[in-house]
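# Report on the structure
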Amino acid sequence: QVQLVESGGGLVQPGGSLRLSCARSGGIFSIYVMGWYRQRPGKQRELVATITSDGLTNYADSVKGRFTISRDNVKDMVYLQMNSLKPEDTAVYYCNGDVNGLGSRKYWGQGTQVTVSS
């Protein structure tokens, strides 16, 4: 049973920064693609960024240049560094693991709230 637990969310002022962390526990298999998604109020969950175990990254246009995804394969940790935060970044952020990168074996964390407000 794989578990993903997010942490690092909170309240931050516009222009500020936060670093989200995702810790994986359980399961013996490796996860090819790790990612961050977010769900803003009244909107569908959307992809923010992904990273493969090889370090290949992909970002939503809305966060390019501001957010950076990274992972530590030894520690089984995934991070999302968020800079120049805007009020529209306010959302629940979810950690996701896609075992094969095919969408058939995916795991989700419970989410962590990020609120950008003055």
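Cut-off values and rules
- Going along each chain's sequence as written, the residues are numbered from 1 onward.
- Predicted model: local features are reported for residues with pLDDT of at least 70 only, side-chain atom pairs are reported and counted for 80 or more only, and whole-chain, interface and lining totals are derived from all residues.
- The basis for every side-chain value is the complete set of heavy atoms in the structure, and neither hydrogens nor water enter the calculation.
- Put simply, DSSP marks the helices as runs of H or I at least four residues long and the strands as runs of E at least two long, and each gets a number from the N terminus on.
- Exposed residues in this analysis have more than 50% of their type's maximum accessible area, buried residues have under 20%, and partly exposed residues fall in between, with area computed by a 1.4 Å probe over protein chains only.
- To pair, rings of Phe, Tyr and Trp, with the six-membered ring standing in for Trp, must have centres within 6.5 Å; the planes then decide the type, stacked if under 30 degrees apart, edge-to-face if over 60, and tilted in the middle.
- Disulfide assignment relies on a single distance test, namely cysteine sulfur atoms paired within 2.5 Å.
- The term salt bridge refers to a pairing of a side-chain nitrogen on Lys or Arg with a carboxyl oxygen on Asp or Glu at a separation within 4 Å.
- By the convention used here, strands pair only if DSSP detects at least 2 bridges between them.
- Note on geometry: axes are lines fitted to C-alpha atoms, helical ones only across the stretch in contact, with angles between N-to-C directions running from 0 to 180 degrees.

## Regarding unusual backbone geometry
Backbone geometry places Asp 76, a non-glycine residue, at a positive phi of 55°. You can see Asp 76 is positioned in the loop between β7 (67-72) and β8 (77-82). Judged by relative accessible area, Asp 76 falls into the partly exposed class, the value being 37%. Positioned with a positive phi, Ser 84 is a non-glycine residue whose angle comes to about 50°. Mapping Ser 84 onto the fold places it in the loop between β8 and β9 (91-98). Given the relative accessible area of 41%, Ser 84 is considered partly exposed.

## Notes on the packing of aromatic side chains
If you walk through the whole model with that rule in mind, you get 2 aromatic pairs. Summarising the aromatic geometry, the rings of Phe 29 and Tyr 107 are spaced 6.0 Å apart at their centres and angled 25° between planes, so their arrangement reads as stacked. Highlighted residues: Phe 29 in the loop between β3 (18-25) and β4 (33-39) and Tyr 107 in strand β10 (residues 106-108), separated in sequence by 78 residues. Accessibility expressed as a relative area gives 27% for Phe 29, which makes it partly exposed. The class for Tyr 107 is partly exposed, based on a relative accessible area of 23%. Between Tyr 37 and Trp 108, the ring centres sit 4.9 Å apart and the planes meet at 65°, which makes this aromatic pair edge-to-face.

## Regarding the state of the cysteines
Inspection of every chain in the model, using the stated rule, returns 1 disulfide. With its sulfur 2.0 Å from that of its partner, Cys 22 forms a disulfide with Cys 95. With the S-S dihedral at roughly -80°, the linkage between Cys 22 and Cys 95 falls on the left-handed side. Of this pair, Cys 22 sits in strand β3 while Cys 95 sits in strand β9; the two residues are 73 residues apart in sequence, bridging distant segments of the chain.

## Things to note about the pattern of salt bridges
In total, this model carries 5 salt bridges according to the counting rule given. One salt bridge in this structure joins Arg 38 and Asp 89, with 3.0 Å as the shortest N-O distance. Of this pair, Arg 38 sits in strand β4 while Asp 89 sits in the loop between β8 and β9, placing them 51 residues apart in sequence. Residues Arg 38 and Asp 89 agree in their burial class; the two are buried. Of the charged contacts, one joins Arg 40 and Glu 46 as a salt bridge, the two residues approaching to 2.9 Å between their closest N and O atoms. Given a relative accessible area of 21%, Glu 46 falls into the partly exposed group.

## Some remarks on the sheet that holds β3
Pairing is antiparallel across the open sheet formed by 4 strands, whose spatial order is β1-β3-β8-β7. The open sheet has two free edges, formed respectively by β1 (3-7) and β7, since each of these has just one partner strand. The mean angle between the axes of side-by-side strands here comes to 15°, regardless of whether they run parallel or antiparallel. Two strands pair when backbone bridges link them, and β3 and β8 are joined in this way by 6 bridges, in the antiparallel orientation. Within the sheet, the bridge partner assigned to Ala 23 lies in β8 and is Met 77.

Fair warning: the whole summary comes from geometry, so function is off the table for now.
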